[in-house]
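# Report on the structure
What follows is the residue order along each chain.
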Amino acid sequence: MFSAWRRAALCRGLRTNLTLRQLHLPYCKIDERGAAALADMLSADKRNPNDGSPAGLTFLNLQGNRLGDQGLQNLSRGLALNKALVKLNLADNMIGTNPDDLAAVKEFADALMVTGPVLEDVSLNYNHLAVPAVTDILTECLKPKDRSDPEGIKRGQNPRIKKFEVDTDLPGEVYDLLNFTISGKGGKKGKKAGKKKK
C-alpha cells in the first residue's frame, strides 16, 4: 500500500523534478487525497533551465487505483495548469459511474479543453461510465464540431486529444464516438479493433 505520507513526500519531491519523465503508480490504492497531492505536483510550473521549455512528467500511469469522481476532480485542477504531461492513464479508477453527480467529469472535460496543456493521450478504460450523462459530456468535449466529418479530420473543439480510450462494455455507438486514435499524418482517426456492435 502507498501510504498517505509516502504519497505526500513523493509529490513534494516531484514538484521540483526536471528530469523524471514517467511515473507509474498502478494499483497503489491511491484515493482522492492522493489525487489532490498529485494535482499539486502537476500544477507546479517547471521549466528547463537551458531553454525555458516546460519540464516534468510526460506520462502519469494511475491505472487500478481508487480515485473515484472526487479524485478525478482533484486531479483535473492540476491537469488544467500542467504544461508537460502528454499521456495519462486513469483506467480502472471507478470514475464516472454516478449519473447524478457530474461535477467531476465536467471539470475533467474543462481541463481537456484548456489552451496551454499538451495532454493528448488519455485512457479511461475499465471505468463504467454512465450513459448518457457522463458519456455525453466527454463526447461534447472531444468530438469535432462538424458532425459530417466522421473521420475526425476537421477536428473542432479539441484538436489536441489524439488518443482516447474507453471501456468496450459501452454501447457500440457511444464506444465508437469516444474510443479513437488519430494518426500523426493527415489527422485521420483509426478505430481500435475488437469492439462488437451491440
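Just above sits the structure.
On to the overall build of the protein. Within the protein one finds 6 helices and 7 strands. Helices and strands appear in the protein in the N-to-C order α-β-α-β-α-β-α-β-α-β-α-β-β. When each of the 198 residues of the protein is scored for burial, the buried share is 50%. The contacts in the protein between residues at least 6 apart in sequence include a share of 75% that link residues at least 24 apart.

Here we come to the environment of Thr-181. Summarising the element assignment, Thr-181 is placed in strand S6 (residues 180–182). Note on Thr-181: relative accessible area 27%, which makes it partly exposed. Between the alpha carbons of Thr-181 and Ile-161 there is a distance of 8.8 Å; along the sequence they are 20 residues apart.

Formed by 48 residues in total, the largest nonpolar core has its most connected members in Leu-75, Leu-90, Phe-108 and Phe-164. Among the elements of the structure, helix H1 (4–14), helix H2 (32–43), helix H3 (68–79), helix H4 (103–113), helix H5 (133–142), helix H6 (172–178) and S6 are those that each provide at least two residues to this core. Counting residues per element, this core draws most heavily on H4, at 6 residues. Those residues in contact with Leu-90 that lie beyond four places of it in its chain are Leu-62, Leu-67, Leu-72, Leu-75, Ile-95, Phe-108, Ser-123, Leu-124 and Asn-127.

Cis geometry marks the peptide bond from Val-131 to Pro-132, where omega comes out at 0°. Relative to the helices and strands, Pro-132 is located in the loop between strand S4 (121–123) and H5. Its identity is not glycine, yet Tyr-27 carries a phi of approximately 55°, on the positive side. You can see Tyr-27 is positioned in the loop between strand S1 (22–24) and H2. Note on Tyr-27: relative accessible area 52%, which makes it exposed.

What counts, and where the lines are drawn
- Residues numbered from 1 in each chain as written.
- Predicted model: local features only at pLDDT ≥ 70, side-chain atom pairs only at ≥ 80, totals over all residues.
- Heavy atoms only, no water.
- Helix = DSSP H or I, 4+ residues; strand = E, 2+ residues; numbered from the N terminus.
- Buried < 20%, exposed > 50% of the residue type's maximum accessible area, 1.4 Å probe, protein only.
- Contact = heavy atoms within 4.5 Å.
- Core = buried A, V, L, I, M, F, W, Y, C linked by side-chain atoms within 4.5 Å.

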